[in-house]
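Listed here are the chains, written in short residue letters.
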Amino acid sequence: MSKKTFHHLISTVVPLAAENIDTDQIIPARFLKATTREGFGEKLFRDWRYDNEGNPRTDFILNNRAYTGTILVAGKNFGCGSSREHAAWAILDYGFEVVVSSFYADIFKGNALNNGLLPVQVSDAFLASIFEEVAKNRETKLEVDLEKQTISLFSTGQSESFEINAYKKACLLNGYDDIDYVLDQVAEIEAFEKIKSY
């Protein structure tokens, strides 16, 4: 298996309420020279996290130690812009396992799923509830259950179902990439080929 499996997660969240966050904001283009996935976490939201002198911006959420967790909650239309896969690498390398938003750019969503990052799409109302609850209490927790395809907000008891491609769900549950998935089906493929050869 090529990646860590994902089944179930309970975590506090890091809220980033801005809408239309594009991939150049997630990982600026000048950092795309590397070809391995390691080290991108420190460049995540680089121009929002640091000023021109490299000093942390105290008003940016990732620099606020009061907010921790492995779930990033973002505003609507997350991951728009260019198709760079590095955006998913940076989010994962920083330590997030799940991103929650009410809408994703299709290419970002695909890149996330291909790299083991789970993008959970919720309703605008549910997203607003998360932001409201976190504003009241930074210890607010979300529960994400991939097998049941549900996301729950502990403080209010609210829960929603989310959609995910069945193939990508199987890959996340088993830690497979595309090649791993095919190799896992070898016995069935061979059996089918034997039947077809008669």
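Since the model is a prediction, treat every value here as computed from it, not as a measurement. (Residues numbered from 1 in each chain as written. Predicted model: local features only at pLDDT ≥ 70, side-chain atom pairs only at ≥ 80, totals over all residues. Heavy atoms only, no water.)

(A) Just the overall build of the protein, in detail. A tally of helices and strands in the protein yields eight helices and seven strands. Split into buried and exposed, the 198 residues of the protein put 45% on the buried side. The contacts of the protein with a sequence gap of at least 6 include a subset with a gap of at least 24, amounting to 65%. Total accessible area on the protein is roughly 10,500 Å²; 49% of this is exposed by carbon and sulfur atoms. (Helix = DSSP H or I, 4+ residues; strand = E, 2+ residues; numbered from the N terminus. Buried < 20%, exposed > 50% of the residue type's maximum accessible area, 1.4 Å probe, protein only. Contact = heavy atoms within 4.5 Å. Areas by Shrake-Rupley, 256 points an atom, 1.4 Å probe, with all protein chains shown as cover.)

(B) Region of interest: the nonpolar core. Formed by 27 residues in total, the largest nonpolar core has its most connected members in Ile26, Leu44, Phe45, Leu72, Phe78, Ile91 and Phe108. Of all the secondary-structure elements, those providing two or more residues to this core are strand S1 (8–16), strand S2 (71–74), helix H3 (86–94) and helix H4 (106–114). The biggest single contributor to this core is H3, with four residues. Residues Val98, Leu118, Val120 and Leu153 belong to the second largest nonpolar core, which totals 25 residues. (Core = buried A, V, L, I, M, F, W, Y, C linked by side-chain atoms within 4.5 Å.)

(C) Structural context of the packing of aromatic side chains. For the structure on display, the rule yields eight aromatic pairs. Plain terms: the ring middles of Trp48 and Phe60 are 5.9 Å apart, the flat faces sit at 70° to each other, and that makes the pair edge-to-face. On the criterion of sequence distance, the pair formed by Trp48 in helix H2 (residues 46–49) and Phe60 in the loop between H2 and S2 is long-range, its members being 12 residues apart. Since its relative accessible area comes to 26%, Trp48 is described here as partly exposed. The class for Phe60 is buried, based on a relative accessible area of 8%. (Phe/Tyr/Trp six-rings, centres within 6.5 Å; stacked < 30°, edge-to-face > 60°.)

(D) Geometry of the pairing of strand S6 (residues 150–153). A two-sided burial pattern is seen for S6, the buried positions comprising Thr150 and Ser152 on one face and Ile151 and Leu153 on the other. Where strand S5 (residues 141–145) lies against S6, four bridges are found, and the strand directions are antiparallel. Residue Glu143 lies in a different strand from S6, and its bridge partner there is Ser152. As consecutive antiparallel partners, S5 and S6 are separated by four residues, and within that stretch Gln149 has a phi angle of approximately 60°, a positive value. The sheet contact formed by S6 and strand S7 (residues 158–161) spans four bridges and is antiparallel. Paired with Ile151 across the bridge in S7 is Glu160. Connecting S6 to the antiparallel partner S7 that follows it, the hairpin turn spans four residues, and Gly157 within it adopts a positive phi of roughly 80°. (Pairing = 2+ DSSP bridges.)

(E) Structural context of the packing of H3 against H4. For the pair H3 and H4, interaxial distance at closest approach is 8 Å and the crossing angle is 50°. With respect to each other, H3 and H4 are oriented oblique. The hand of the H3/H4 crossing is right-handed. Contacts from Ala87, Ala88 and Ile91 in H3 reach Phe108, Asn111 and Ala112 in H4. (Axes fitted to C-alpha atoms, helices over the stretch in contact; angles between N-to-C directions. Parallel < 35°, antiparallel > 145°, perpendicular 65-115°, else oblique. Left-handed = near helix turned anticlockwise from the far one by under 90°.)

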